[in-house]
Amino acid sequence: MMRVLPPLLVIGGPAGSGKSSIAAAVGRLAAAPVVDLGDSAQDDPHSVDLPALQLRLDEHEEAPLVVVEGVFALALPPIRWAAKWTVYVDTPLDLSLARRALDHTDPHTVLRAYLDGGREAHIRTVVTGRQLADLVVDGSAHLPEVAGKIHRFLTRA
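Below you will find a few notes about this structure. Everything quoted here is computed from the prediction, not taken from an experiment. (Residues numbered from 1 in each chain as written. Predicted model: local features only at pLDDT ≥ 70, side-chain atom pairs only at ≥ 80, totals over all residues. Heavy atoms only, no water.)

Considerations on the overall build of the protein chain
Across its full length, the protein chain carries seven helices and five strands. Element order for the protein chain, N to C, with α for helix and β for strand: β-α-β-α-β-α-β-α-α-α-β-α. Burial statistics for the protein chain: of 157 residues in total, 45% are counted as buried. In the protein chain, the share of contacts with a sequence separation of at least 24, taken over all contacts with a separation of at least 6, comes to 80%. Of the roughly 8100 Å² of accessible surface on the protein chain, 55% is carried by carbon and sulfur atoms. Averaging the locations of the 15 positively and 19 negatively charged side chains of the protein chain gives two centres separated by 6 Å. (Helix = DSSP H or I, 4+ residues; strand = E, 2+ residues; numbered from the N terminus. Buried < 20%, exposed > 50% of the residue type's maximum accessible area, 1.4 Å probe, protein only. Contact = heavy atoms within 4.5 Å. Areas by Shrake-Rupley, 256 points an atom, 1.4 Å probe, with all protein chains shown as cover. Lys, Arg positive; Asp, Glu negative; His and termini not counted. Charge placed at Lys NZ, Arg CZ, Asp CG, Glu CD.)

Printed below as a string of C-alpha cells:
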C-alpha cells in the first residue's frame with residue numbers, strides 16, 4: 001500500500017488520449033502539482049516504479065491536491081486505492097494512436113508496437129480502468145471543456 005499525504009486525483013487512459021494535457025489543465029485550475037507515471041512507453045503496468053512514485057508524491061506533501069496521470073494509473077490497485085478521485089480519459093483508439101504516432105520521432109515504431117501486442121495490452125490493462133473510474137471524460141472534446149468538467153467534479157465531491 002502506498003503512503004499518500006495529499007488527496008490524489010488519478011487520471012488514466014490510453015497513450016495519446018490527452019491525459020497529460022488534461023492533467024496539466026486541471027492542475028492549473030486547481031493550483032495542484034502534476035505527477036506523471038512516465039509509463040506511456042511501456043506495455044506492462046508492473047513496469048511502474050511505485051517506490052519512485054511515492055518519493056515524487058512526498059515532494060508535494062503540503063499540496064492540497066496532487067494530480068497523478070499515466071496509462072496504467074487506474075490499472076494498478078495501489079495507485080487507484082490511494083486516489084480520492086479517479087478519471088478515465090475515453091478517446092477513440094484511432095485518435096489516441098494517431099496522436100501518439102505523431103508525437104514520436106519515428107511513427108513507424110509506435111505503429112509496429114501497437115500491431116505487435118500493444119492493442120492486446122491496451123485491452124487487457126488500460127480499458128478496464130474505464131469501469132473503475134469515478135468520472136469518464138471524452139478525450140476528443142476541447143481541452144478547456146474537459147478540464148472544467150473535471151474541476152467541477154472535484155469541487156462538488
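Here's the deal with the nonpolar core
Leu8, Val10, Leu37, Leu57, Val66, Val68 and Ile79 are the most contacted members of the largest nonpolar core, which totals 22 residues. Those elements that place two or more of their residues in this core are strand E1 (8-12), helix H2 (50-58), strand E3 (66-70) and helix H3 (77-82). Setting aside residues no more than four positions away along its own chain, valine 10 makes contact with Val68, Ala73, Leu74, Ile79, Ala83, Trp85, Thr86 and Val87. Ranked by size, the runner-up nonpolar core spans 19 residues in total, among them Ala25, Val26, Leu65 and Leu135. (Core = buried A, V, L, I, M, F, W, Y, C linked by side-chain atoms within 4.5 Å.)

Let's talk about unusual backbone geometry
Note: most residues except glycine have negative phi, and most peptide bonds are trans. One non-glycine residue, alanine 31, lies in positive phi territory at about 50°. For alanine 31, a relative accessible area of 61% gives the class exposed.

Focus: helix H5 (residues 107-126)
Taking 1.5 Å per residue, 20 residues should reach 28 Å; H5 reaches only 21 Å between its end C-alpha atoms and comes up short. Of all bends in H5, the biggest is about 65°, found at glycine 117. Inspection of H5 places Val110, Tyr114, Gly118, Ala121, His122, Thr125 and Val126 among the buried residues, and these make up the whole buried set. Next to the buried residues of H5 lie strand E4 (85-90), helix H4 (93-103) and helix H6 (128-132). (Expected span 1.5 Å × (residues − 1). Bend = angle between axes of the 7 residues up to and from the residue.)

A few points about the packing of H4 against H5
Helix-helix packing is characterised by the crossing angle of the two axes and by the distance between the axes. Interhelical geometry of H4 versus H5 gives an angle of 145° and a closest axis separation of 10 Å. Every pair of crossing elements has a handedness; the one defined by H4 and H5 is right-handed. Together, Leu93, Leu97, Arg100 and Ala101 of H4 and Pro107, Val110, Leu111, Tyr114 and His122 of H5 make up the contact between the two elements. (Axes fitted to C-alpha atoms, helices over the stretch in contact; angles between N-to-C directions. Left-handed = near helix turned anticlockwise from the far one by under 90°.)

A short note on the side chain of serine 17
As for its position among the elements, serine 17 is in the loop between E1 and helix H1 (19-30). If we skip the residues at most four places from it in the chain, serine 17 touches Val89, Thr91, Ser96, Arg99 and Gly139.

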